[in-house]
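Here is what each chain is made of, one letter per residue.
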Amino acid sequence: MTAAVDIQALARQIQDARGVAHKRDIDAVVARLGLGSRHAAVPVGDDCAAIPDGDGHLLLAIEGFLGSFVAADPYFAGYCGIMVNLSDVAAMGGHPLAVVDALWSRDAAEADAILAGLSDAAALYGVPVVGGHTNRRADAGNLAVAVLGRAGPRLLTSFDATPGDDLVAAIDLRGRFREPHPYWDASTGAPGERLRGDLALLPGLAEDGLCRAAKDISMAGVVGTALMLLECSNVGGVIDLDAIPRPEPVPLARWLTAFPSFGYLLSVHPDRTPAVCARFAERGITAASIGRLDASRVARVCDAAGAEAVVWDFVANPLIGCGKDGGHAS
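Residues numbered from 1 in each chain as written. Predicted model: local features only at pLDDT ≥ 70, side-chain atom pairs only at ≥ 80, totals over all residues. Heavy atoms only, no water.

Explain the overall build of the protein to me, using residue names and the numbers behind them.
Check the secondary structure of the protein and you find eleven helices and 15 strands. A burial count over the protein gives 52% of its 330 residues as buried. The long-range share in the protein, meaning contacts at least 24 apart out of those at least 6 apart in sequence, stands at 82%. Accessible surface for the protein amounts to roughly 13600 Å². Of this, 54% is attributable to carbon and sulfur atoms. (Helix = DSSP H or I, 4+ residues; strand = E, 2+ residues; numbered from the N terminus. Buried < 20%, exposed > 50% of the residue type's maximum accessible area, 1.4 Å probe, protein only. Contact = heavy atoms within 4.5 Å. Areas by Shrake-Rupley, 256 points an atom, 1.4 Å probe, with all protein chains shown as cover.)

This is the structure in structure tokens:
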């Protein structure tokens, strides 16, 4: 249980987290590129660009990785190039089709560990790497990976969370930290059949109409990711920190800034929450309602003792500058 005296400190920790700070860089970039129009054919602000295509959608996403991460854990960086992109596709209710990568390294040996991670993840998740760009004579190692996916007519989006909905967190706790980093690894070493089946849960929820809004938990952490979902949907809400699924030995303060390899937030009508949580539980994934959304456009956290703290007021201080009336980038 979170002590009431710590709630303000935890709120400040979330506000000051590195992952949240990176998200704050988005607004200026999108404004410079002129992508913020509410009349855009493809709204920007989701985990993927959703491009209308026939009776469904093509999904396009890209991830770039910090040079320090690539240098410290090149195999997992390559692995994450596949894993996190496929999570973005699943977060919108889609299935992956293919991946391309852009790799810079100082020499062939430095590239090999990154390529091994890419190759292993592609095989486990059953998605082909179909090309990309390679430079093995660069001044430093860097990696970017993009994915193409497909979804049906029913998308899970960042713009459709509704006041009165439950905020559900679904996280695979069957993992471990890749010490000393904040990366919770519930993927490497797991059977590919399980990994593919777990990702298929999200498009199943979309197709069955059990929820309309979802977001992949990013490096911003559980609450930081919730901030982006709430802002995009022009809603507020309160999150019960004690209700967040968490590995038993991991301190809450560390878990709030962790990146889970399988983790999603979903906005769910309360009468559908039991069915949604049951689907995850059937596959050994922990899911629980961690809060309730409202129309306040203020994000708060609380603990079991009833103490509450404001994390973000989107009206007074936009985070990434998005909203259902005019999307920005995720």
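Outline helix 5 (residues 74–91), supporting the account with residue identities and numerical values.
Between its first and last C-alpha, helix 5 extends 25 Å over 18 residues, near the 26 Å set by a 1.5 Å rise per residue. Of all the bends found along helix 5, the most pronounced is centred on C80 and spans about 35 degrees. Following helix 5 by one or two positions, G93 has its phi on the positive side, about 85 degrees. (Expected span 1.5 Å × (residues − 1). Bend = angle between axes of the 7 residues up to and from the residue.)

How would you explain the sheet that holds strand 2 (residues 56–65) if you had to name every residue and give the values?
A sheet is described by the order of its strands in space; here five strands give the open sequence 1-2-5-3-4, paired in mixed fashion. Since the sheet does not close on itself, it has two edges, and those belong to strand 1 (49–53) and strand 4 (129–135), each with one partner. For this sheet the average axis-to-axis angle between neighbouring strands, irrespective of direction, equals 20 degrees. Strand direction decides the pairing type here: strand 1 and strand 2, joined by five bridges, are antiparallel. In the sheet register, D53 faces strand 2, and the bridge partner there is G56. Running at roughly 150 degrees to strand 2, helix 5 makes contact with strand 2, strand 3 (94–104), strand 4 and strand 5 (142–151) of the sheet. Helix-sheet contacts for helix 6 (residues 108–125) involve strand 3, strand 4 and strand 5, and the interaxial angle to strand 3 is about 175 degrees. (Pairing = 2+ DSSP bridges. Axes fitted to C-alpha atoms, helices over the stretch in contact; angles between N-to-C directions.)

Give a description of the nonpolar core that names residues and reports values.
Membership of the largest hydrophobic core comes to 57 residues, with the highest contact counts inside it found for I82, Y125, L143, L202, L266 and F280. Take this core: its biggest share by element is eleven residues, from helix 5. Leave out the neighbours within four places in its chain, and L202 touches A90, G93, L156, F262, Y264, L266 and F280. Core analysis: the next-biggest nonpolar cluster, separate from the first, contains 44 residues, A220, I290, W312 and F314 among them. (Core = buried A, V, L, I, M, F, W, Y, C linked by side-chain atoms within 4.5 Å.)

Can you lay out unusual backbone geometry for me, pointing to particular residues and giving the numbers?
With an omega dihedral of 0 degrees, the bond running from E179 to P180 counts as a cis peptide bond. Within the element layout of this structure, P180 appears in the loop between strand 7 (176–177) and strand 8 (183–185). Notably, N234 is not glycine yet its phi reads approximately 55 degrees, a positive angle. Position of N234 relative to the elements: it lies in the loop between helix 9 (221–232) and strand 10 (236–240). What makes N234 partly exposed here is its relative accessible area of 21%. You will see that R297, though not glycine, has its phi angle at about 60 degrees, which is positive. Relative to the elements of secondary structure, R297 occurs in the loop between strand 13 (286–294) and strand 14 (298–302).

Let's hear about the packing of aromatic side chains: which residues, and what values?
Counted by the stated rule, this structure contains eleven aromatic pairs. Ring geometry for Y79 against Y125: centres 6.4 Å apart, planes inclined by 65 degrees, an arrangement best described as edge-to-face. Placement of the pair is Y79 in helix 5 and Y125 in helix 6, with a sequence separation of 46 residues. Across this residue pair, the class does not change: Y79 and Y125 are buried. Judged by centre distance (5.0 Å) and plane angle (75 degrees), the rings of F262 and Y264 are edge-to-face. (Phe/Tyr/Trp six-rings, centres within 6.5 Å; stacked < 30°, edge-to-face > 60°.)

Residue-level account of the pattern of salt bridges, with values.
Taken as a whole and judged by the stated rule, the model has 17 salt bridges. One salt bridge in this structure joins E110 and R106, with 2.8 Å as the shortest N-O distance. Residues joined by salt bridges that share partners form a network here, namely D172, R174, R194, D198 and R283. (Salt bridge = Lys/Arg side-chain N within 4 Å of Asp/Glu carboxyl O.)

Tell me about a nonpolar patch on the surface, and name the residues and values.
On the surface, I51, L60, L97 and L148 cluster together into a nonpolar patch covering about 290 Å² of accessible area. Inspection of the secondary structure assignment puts L97 in strand 3. The class for L97 is partly exposed, based on a relative accessible area of 39%. (Patch = residues over 30% accessible without salt bridge, like charges linked within 9 Å, V, L, I, M, F, W, Y side chains within 5 Å.)

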